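Residue-level structure breakdown
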Amino acid sequence: MAWRRVLAPLRTAGLTAAYEALLTGDIPADFATSAFERGYAESAQDERLAVTGLSTFDPVRHNTQIGRYTETARALRSLQTTVAPHLVVGRRTFDPKTSGGRVGELQKQLDRQRGGLSVRDLMIKYLDLIVQATPCILVSPDSVARFFPAQGDLFDIVVFDEASQVRVADAIGAMGRANSIVVVGDSKQMPPTSFAEPSAGDDDDESVESNDFLLQDEESILAECVQARVERQFLSWHYRSQDESLIAFSNRYYYDEQLTSFPAPAHGQVDAGIDGHGISLVRVNGQFLRSGSTKELRTNPVEAEAIVAEVQQRFDASTDATPSVGVITFNAQQRTLIEALLRDSGDERIAEALEAKDGLFVKNLENVQGDERDTILFSTAFSKNDRGVLPLNFGPLTNYGGERRLNVAITRARRQVIMFSSFDPQDLRADETTSRGIKDLRAYLELAQKGPQQTLRARSGPLVTDRHRDEIAAALRERGLSVQTDVGLSDFKVDLVVATADDPDEPVLAILLDGVAWSQRRTVADRDALPIEVLEGLMHWPAVERVWLPEWLDDSAAVVERLEATTKDAVRRVEEAAAAEAEAVATATDGSRSNQPAEVTPATSVRLLPTETTLAPVAGSIGVAPSLTPPPPTPPRVVPRASTPALTGETTDDVESSVTAMREYEPVSARAAALTMDRPVVDVPASADPDMTPFTPWRPRVAGSIEVLDDWRRRANLAAIQEIVLEIVDAEGPVQSVRLAKLVASAFGLNKVSGPRILTVLECLPNHLERTSDENFVWPTDLDPEEWTGFRPVRDGSSRALETISNRELANAMADLVRRAAGMPEEELLRATLGVFGGVRLTTAIRGRLVEALRFAEGRGRVARGTGDLIVAGTGSRPTNDDVSSPAPLPSARLAAAATLTEEFDPSTATALLDAPTARLATTGADLFLSWERRKDVAEDRFFLVDEPIEGADTATVAVYNGSTKLGYLEAHKAGFYSRCLQRLGSALEVAGELSYDSQWFVHVPQKKAFVDFLDEREK
């Protein structure tokens, strides 16, 4: 009973299970406290899992979601390289394939071998074309000032790369030409060179005194922006180094360990072989020549020969590809010597590699920024003097800022750095100098000698216990696997690295956990996507696995089984890859030996080093991250605008501005071009664009006899006529009314058509076909005359009479030509338009027709006037009634249907007729007018329809009527506009119809006396 009373509070608190367990002895009283604490912890864990949703956490589903996210992000990155260029090209306002207009002029300028415009003049005259052709322009700040016009808003954005090397004065010009700027640079790398640069106050004391009041610029535009407190973004993730030790030194000494790098499988192990990695020191018994012949002065021949032998060995070992190697020296004389020895080696591949863009390079500290290679070979060159003392003068490295040159040099390698030195690191008495460059050089040489594990130990910090990590490590060790924890030389650590017990120095599995470091990364990409991509894709880990804490708590045994199976599979794949590589090497070696002459000895794979050579390990490199996945084989400006600059990064060397040359497109037709030397050269793209389908004339066919036309009011006959009309309109629409009538008549056996017959055919038009009021053209039902922007060029040497082409179609062709050519002079545009429709000679009459169409195009906004006589593309907006300059309808044209058949002469109708053509020509801006004259020398019985001008006569007679009402006759000088149109069209009917823009005006024999009397009265 006493025990029950003791346990009663548990029952009161609702802990019935605990009460029963203690009462029955299932839980001994001595363990009651620990059992309660365990139960409390389990309950708290269950509650947290339930509240956070982790109680239903599915690791397989979660990993699938991460995989989908990663694949989508990778696909988007790949699309950027294809979609962005596609959008830019698609938004060009001209066609780079055209050979006319301003585009053609630019092509010719670019193709010139000598003479022509200067680069600056090209930029001034064709800047709009150049920035559309190459919207991203690589150019030095100095070239921007020299070649580009000084105008603001020239670029959406200007990006300064390698900004630590750009002076403020050089940057200002480019900044003034941009809406926004981004300054990308590394203040720990090379400053601007001061070679041959005059300094303020060097002339006299007076100038020195005056310069005391000058405000000095910062050394670079990068430093200026930092000093001005411009908003900054630090790019901390480093991807270039495939061995983490290559960047570890710079990260510790220059970047205060703010860079995030990623460990590779061979962490901590240095391999100085041809396919090795890390940082190695090769001790050479060389001597720096401080005196002697000029040719060898300030060089180290032994060291140079050792580097040449190393390069030769790498080329001999890589027969199918050029090895990625760079050589960096500490002075210019050593660089010259090494390059000369390489060129004199007799190996053509080495000579070619020295000239290749991304081949073998030999550079000194001053000009290596921006380069990178898999392997970098260093030649320090310097050695002890005759007294056995190593002088502390290492050229630019000794001067102020020398450590920045060292930082640039040691971060050029992606996989391997080999330091060739004729002295030991301990010989460099860094404590006797204030030069940071010398102090850092000694530290780097010690790193190469001893390795990163000894020289770059992690800085002391708070001891963090990770039971999740430790439990997994212990479980894997129980399975006989070798496990390391917290592997990495930066803030990013691989939580667990797994290798087999037989080969503990060759890790095959990286395990990432969801610990504190994981939770502190801000984005999904940084937490879950990017680390795995980098470790697998760039660091070449055989396998990378995630272990989630809920997964481990739920079924730790299954997790261990999975990790063990993944390790075995990774080992198998590594062994298979090694065997395949060995087989490939053996095959290549056998093949190369079989191709060698018998007396030639194959190059040995043993490294040739001078005597007293020591070898030691390690790693280093910084740069802009490469794309995580190779890009697939992707208006005008789509660059996002920024209001303020952003900083940091790394850049390339200055590149001269270039303009993409545009290929010339073939003329429309070789046969057409061969017809005459006068034929205009026109580019008509053979595209599937429905707005530019070639003109296909209707194929004539016999549809019936002339009786069908004579008795057209019969339903069957009318249907037959309308069937032909629809065929013609579908084939040729928009089609001129007169041409339509003649084609219809030809289908029913008529070769020549009179005015009344034309009216008969036009009365048969189906009601749903549209006829424009300002031009007498019949349109297909699927084309809106006000919206249509197409035109129909001819091909195969054929041609179209301009009089049968609508002003709208001519205007559309002109608009397309000037758009593709980025503008054309008026004369060239007229010739090009003529060539589009197969014309050859630009006669006075044809010019007048084209000028009329050009005015129409201007009135419709299809084209516009540029500078000088340049015609450019217009806005394309539809004009209102107030700004239309196209011809207005004839005043009495629509009254024709109500006219009564009569032989009486109507002066009022004649006045409308006579006034209309002159007014219409004036409205369209043409410098032509109609000359009305009487032909007193022509007898009354000679008034007739004129198909051709009367031979020998000074004027041509054209009789007209309004609808069915006969009016009078027109006469035009043979040398005048109307007469040339007569010759061009070959029909007085078409002349009268075309010039009045309404084919209801036709020719007919009038009453001579009434009409002549009317003309007499008008002249008075």
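Residues numbered from 1 in each chain as written. Predicted model: local features only at pLDDT ≥ 70, side-chain atom pairs only at ≥ 80, totals over all residues. Heavy atoms only, no water.

Per an unreviewed UniProt entry, the protein chain goes by the name AAA domain-containing protein and belongs to Frondihabitans peucedani.

Along the backbone of the protein chain there are 34 helices and 21 strands. Every one of the 1020 residues in the protein chain was classed for burial, and the buried ones make up 47%. Carbon and sulfur atoms make up 52% of the accessible area of the protein chain, which totals about 51700 Å². (Helix = DSSP H or I, 4+ residues; strand = E, 2+ residues; numbered from the N terminus. Buried < 20%, exposed > 50% of the residue type's maximum accessible area, 1.4 Å probe, protein only. Areas by Shrake-Rupley, 256 points an atom, 1.4 Å probe, with all protein chains shown as cover.)

Before going further, it helps to spend a moment on a nonpolar patch on the surface. The grouping of Leu76, Leu79, Val83 and Leu87 at the surface amounts to a nonpolar patch, some 320 Å² of accessible area in total. Its relative accessible area of 36% is what places leucine 87 among the partly exposed residues. (Patch = residues over 30% accessible without salt bridge, like charges linked within 9 Å, V, L, I, M, F, W, Y side chains within 5 Å. Salt bridge = Lys/Arg side-chain N within 4 Å of Asp/Glu carboxyl O.)

Moving on: the packing of aromatic side chains. The tally for this structure, following the rule as stated, stands at 15 aromatic pairs. In this structure an aromatic cluster arises from ring pairing among Trp237, Tyr239, Phe262 and Phe492. The side chain of lysine 363 reaches across the aromatic face of phenylalanine 361, ending 5.6 Å from its centre. Note that arginine 527 overlies the ring of tryptophan 518, its terminal NZ or CZ placed 5.9 Å from the centroid. (Phe/Tyr/Trp six-rings, centres within 6.5 Å; stacked < 30°, edge-to-face > 60°. Lys NZ or Arg CZ within 6 Å of the ring centre and 35° of its normal.)

With that settled, consider unusual backbone geometry. For the peptide bond that leads from glycine 733 to proline 734, omega is 0°, which places it in the cis range. By the element assignment, proline 734 lies in the loop between α25 (715-732) and β13 (735-736). With a phi angle near 60°, aspartate 153 is a residue other than glycine that sits in the positive phi range. Here the phi dihedral of aspartate 486 falls at roughly 50°; this positive angle occurs in a residue that is not glycine.

This brings us to the sheet that holds strand β10 (residues 509-513). Ordered by their spatial adjacency, four strands build an open sheet running β8-β9-β10-β11, and the pairing between neighbours is mixed. Here the strands that pair on one side only, and so sit at the sheet edges, are β8 (481-487) and β11 (543-547). Within the sheet, the average angular offset between the axes of one strand and its neighbour, ignoring direction, is 25°. Relative to β10, strand β9 (residues 494-500) runs antiparallel, the two being bridged by three bridges. Counterpart to valine 498 in the pairing with β10 is leucine 509. Against the sheet, helix α18 (residues 467-478) makes contact with β8, β9, β10 and β11, and its axis sits at roughly 160° relative to β8, the strand it touches most. (Pairing = 2+ DSSP bridges. Axes fitted to C-alpha atoms, helices over the stretch in contact; angles between N-to-C directions. Contact = heavy atoms within 4.5 Å.)

Our focus in this paragraph is the packing of α25 against helix α26 (residues 737-747). Helices that pack against each other are described as a pair by the angle of their axes relative to one another and the distance between those axes. For the pair α25 and α26, the least separation of the axes is 10 Å and the interaxial angle reads 130°. As judged from the angle between their axes, α25 and α26 are oblique. For the pair α25 and α26, the sense of crossing is right-handed. On α26, the residues that touch Ile721, Ile724, Val725, Ile728, Val729 and Glu732 of α25 are Arg739, Leu740, Leu743, Val744 and Ala747. Within the contact of α25 with α26, the residues separate by chemical class into nine nonpolar, no polar and two charged. (Parallel < 35°, antiparallel > 145°, perpendicular 65-115°, else oblique. Left-handed = near helix turned anticlockwise from the far one by under 90°. Nonpolar A, V, L, I, M, F, W, Y, C, P; charged D, E, K, R; others polar.)

Looking at the protein chain, the pLDDT average stands at 75 and 72% of residues meet or exceed 70. Contacts for the low-pLDDT stretch residues 592-682, under 50 throughout, to residues beyond four places or in other chains number 252 contacts. A low-confidence stretch, residues 877-1012 stays under pLDDT 50, and its non-local contacts, those more than four residues away or across chains, total 263 contacts. (pLDDT = per-residue confidence, 0-100.)

For the rest of this paragraph, the subject is the sheet that holds strand β15 (residues 777-779). One key point about sheets: their strands pair by backbone hydrogen bonds, in either a parallel or an antiparallel sense. Here we have three strands laid out as an open sheet, ordered β13-β15-β14, and antiparallel in their pairing. Whereas interior strands pair on both sides, the edge strands pair on one side only; in this sheet they are β13 and β14 (770-771). Here two bridges tie β14 to β15, and the two strands are oriented antiparallel to one another. Among the inter-strand pairings, glutamate 770 is bridged to a residue of β15, identified as tryptophan 779.

Here we come to the pattern of salt bridges. Using the criterion set out here, one finds 52 salt bridges in the structure. Note that arginine 252 and glutamate 257 form a salt bridge whose closest N and O atoms lie 2.4 Å from each other. On the basis of relative accessible area, glutamate 257 is assigned to the partly exposed category, the value being 29%. Across the pair glutamate 809 and arginine 792 runs a salt bridge whose closest N-O atoms are separated by 2.8 Å.

This part covers the environment of tryptophan 779. For tryptophan 779, the location among the structural elements is in strand β15. Along the chain, tryptophan 779 and glycine 733 lie 46 residues apart, while their C-alpha atoms are 5.3 Å from each other. Non-local contacts of tryptophan 779, meaning those with residues more than four positions away in its chain, are made with Val729, Pro734, Leu769, Glu770, Thr772, Pro785, Trp788, Ser806 and Arg808.

On to a negative patch on the surface. There is a patch of like negative charges on the surface, built from Asp502, Asp503, Asp505 and Glu506. Position of aspartate 505 among the secondary structure elements: in the loop between β9 and β10. (Lys, Arg positive; Asp, Glu negative; His and termini not counted. Charge placed at Lys NZ, Arg CZ, Asp CG, Glu CD.)

Before going further, it helps to examine the environment of arginine 92. Of note, arginine 92 is situated in the loop between α4 (59-90) and α5 (101-111). Spatially, the C-alpha atom of arginine 92 lies 6.0 Å from that of glutamine 132, the residues being 40 residues apart in sequence. A polar side-chain atom of arginine 92 sits 3.2 Å from the main-chain carbonyl oxygen of glutamine 132. Reaching out from arginine 92, the side chain makes a polar contact with the backbone oxygen of alanine 133 at a distance of 2.9 Å. (Polar contact = N/O pair within 3.5 Å; in protein donor to acceptor, adjacent residues only side chain to side chain.)

It is the contact of helix α29 (residues 826-836) with helix α30 (residues 844-859), at a shortest axis distance of 10 Å, that shows an interaxial angle of 105°. By the angle between their axes, α29 is roughly perpendicular relative to α30. Along the contact surface, α29 presents Glu826, Glu827, Leu829, Leu830, Thr833 and Leu834, while α30 presents Ile846, Arg847, Leu850, Val851, Leu854 and Arg855.

Here aspartate 128 shows up in helix α6 (residues 119-133). Each C-alpha atom of the pair aspartate 128 and threonine 93 lies 9.8 Å from the other, and the pair is 35 residues apart in sequence. In this structure the side chain of aspartate 128 is engaged in a polar contact, spanning 3.0 Å, whose partner is the side chain of arginine 102.

With that out of the way, let us pick up the nonpolar core. Within the largest apolar cluster, 41 residues are counted, with the highest numbers of intra-cluster contacts made by Phe378, Phe394 and Val417. Looking at this core, the elements with two or more residues in it are α11 (245-253), β3 (278-283), β6 (373-379), α15 (402-410), β7 (413-421) and α16 (436-450). In terms of residue count, α16 provides more of this core than any other element does, seven residues in total. Grouped together as the second largest cluster of nonpolar side chains are 31 residues, Val131, Val144, Ile221 and Ala822 included. (Core = buried A, V, L, I, M, F, W, Y, C linked by side-chain atoms within 4.5 Å.)

This paragraph deals with α25. With 18 residues, α25 should cover 26 Å at 1.5 Å per step; its first-to-last C-alpha distance of 25 Å lies within 8% of that length. Of all the residues in α25, the buried ones are Asn717, Ile721, Ile724, Val725, Ile728, Val729 and Glu732. With its buried residues spanning 135° around the axis, α25 presents them on a single face. Turned more than 90 degrees away from the buried face of α25 sit Arg715, Ala716 and Asp730, all of them exposed. (Expected span 1.5 Å × (residues − 1). Arc of directions from axis to C-beta.)

For the rest of this paragraph, the subject is α4. Along an α-helix, residues three or four positions apart point the same way, because every turn accommodates 3.6 residues. Its 32 residues place the ends of α4 45 Å apart at the C-alpha level, agreeing with the 46 Å of an ideal helix rising 1.5 Å per residue. Considering bend angle alone, the principal kink of α4 is centred on glutamine 80 and spans about 40°. On its buried face, α4 sits against α20 (524-538) and α21 (549-554). The opening residue of α4 is aspartate 58, an N-cap whose side-chain oxygen sits 3.1 Å from the backbone nitrogen of valine 60. (Bend = angle between axes of the 7 residues up to and from the residue.)

Bringing the pairing of β8 into the picture now. Summarising the sheet, β8 and β9 pair through six bridges and their orientation is antiparallel. The residue bridging serine 482 from the neighbouring strand is alanine 499, located in β9.

Let's shift gears to the pairing of β11. Within β11, five of the five residues are buried, which leaves the element mostly enclosed by the surrounding structure. Where burial is concerned, the two faces of β11 agree: the one with Ala543, Glu545 and Val547 and the one with Val544 and Arg546 are both buried.

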